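# Coordinate analysis (summary)
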Amino acid sequence: MARSSGQKLKLLLLRDFLLRNTDAEHGATVRQMIAHLEAQGVSAERKSLYADLAALGPDSYGMDIISDNGVYSLASRDFELQEVKLLVDMVQSSNFITRSKTDELIKKLEGLVSVHDARQLSRQVYVRNRVKTMNESVYLNVDKLSEAIAGDLRLRFQYFQYNVKKQKELRRGGKFHEVSPFALIWVDQNYYLLAYSPEAGAMRHYRVDRMTRIQTQPGPREGKELFAKTDMSTYTTKVFSMFTGEEKRVRLRFASRLVDPVVDRFGEAAMLIPDGEEHFTVTVDVVVSPQFYAWLAPFGRDAEILPPPEVREGMLRQL
């Protein structure tokens, strides 16, 4: 590397060194920085390096560089370790992100912290074992669907499922769905498309990682008035695991110890009414489906469906 071009890169290389090798618990000496720069083909003198550190520091470029007895370190950064851990957990717990893409994203996230902190992120990769989708095209699907929504375009696509051999099988004999897309919803660690189906005359939802051969069609979209009436803040509460069914207003009775899961499911706005010393009731609008009954079943005797009677009878049939 020519000396002139090397000197132009010196500040950038020094910045990268501090980002990758120092943090609040680990620092580096000027001698170590000089050795790193020389390994990159850039000569540096101690005096000029002090000037470079000052130029990168909080009073100039804005990096939070601190010095303690000749040891320099980056005390804070755009993303702290706890924030990156949160992002890693979100990536790992997302069903729609494939295993290979998970590893790739985590590797990129490691670049946001020092090499010392990155080891903690690497350990998390092996601790967790999530079920991952097999559809690598989901990332492209999300972008294409977002563009269709923003561009007021219609969509046509095929929908598939996996058989026991993990092979894709097109549903409805490969017939295309033709819909007007309105929203992408994140629920139960999966992306879903909320769209108006002219065939059904209603809003329908589709798992994004089960969609294939997505094609945009000229707009405008249909069903805009119906979508405008949809309360998205309560939509996922009513539709359990995104399966369709008949919406009912249901009164439920729970043991007091189940307040947390009830609030998690129905939100803090749900009105809990004490029923004796050890129980409470709640009245909610839900889409009655096998998934609703499956959510209730593990609570056993601690949960009871009150009115309407047809929902109680449905639970008995499901059991």
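Let us look at the structure shown here. The model shown is predicted, which means the values in this text are computed figures rather than measured ones.

Moving on: the sheet that holds strand E10 (residues 246–255). Overall, antiparallel pairing links the four strands, which are arranged E11-E12-E10-E13 in an open sheet. Both edges of this open sheet fall to strand E11 (272–274) and strand E13 (303–305), since each of them pairs with a single strand only. Neighbour-to-neighbour, the strand axes of this sheet turn through a mean angle of 30 degrees, independent of strand direction. Relative to E13, E10 is paired through three bridges, and the arrangement is antiparallel. Looking at the pairing, Leu252 lines up with Ile305 of E13. Taken strand by strand, helix H12 (residues 309–318) contacts E10, strand E12 (279–288) and E13, and its axis lies near 125 degrees from that of E13.

Here we take up the environment of Ser197. Mapped onto the fold, Ser197 is located in strand E7 (residues 190–197). You can call Ser197 buried: its relative accessible area is 8%. For the pair Ser197 and His177, spaced 20 residues apart in sequence, the C-alpha to C-alpha distance is 8.1 Å. Ignoring sequence-local partners within four residues, the contact set of Ser197 consists of Val179, Ala202, Arg204 and Tyr206.

A separate point is unusual backbone geometry. The omega torsion across Pro307 and Pro308 is 0 degrees, close enough to zero to call that bond cis. Within the secondary structure, Pro308 sits in the loop between E13 and H12. Positioned with a positive phi, Asp152 is a non-glycine residue whose angle comes to about 55 degrees. Mapped onto the fold, Asp152 is located in the loop between helix H7 (138–150) and strand E4 (154–162). Residue class for Asp152 comes out partly exposed when judged on its relative accessible area of 22%. The backbone phi angle of Arg213 is positive, close to 50 degrees, even though this residue is not glycine.

What counts as what
- Along each chain, residues carry numbers from 1 onward, in the same order as the chain's sequence is written.
- Residue-level local features of this predicted model are given only where pLDDT is at least 70; pairs of side-chain atoms are given and counted only at 80 or more, and the full residue set underlies all totals for whole chains, interfaces and linings.
- Side-chain figures throughout are based on the complete set of non-hydrogen atoms in the structure, without hydrogens or water.
- Pairing between strands is defined by DSSP: at least two bridges between the two strands are required.
- Secondary structure counts use DSSP, requiring at least four H or I residues in a row for a helix and at least two E residues in a row for a strand, with both numbered from the N terminus.
- The axes are straight lines fitted to the C-alpha atoms, using for helices just the contacting stretch, and the angles between their N-to-C directions are given from 0 to 180°.
- Only heavy atoms enter the contact rule, under which two residues are in contact if any of them lie within 4.5 Å.
- Only protein chains enter the accessibility calculation, which uses a 1.4 Å probe; a residue whose area is less than 20% of its type maximum is buried, one above 50% is exposed, and one in between is partly exposed.

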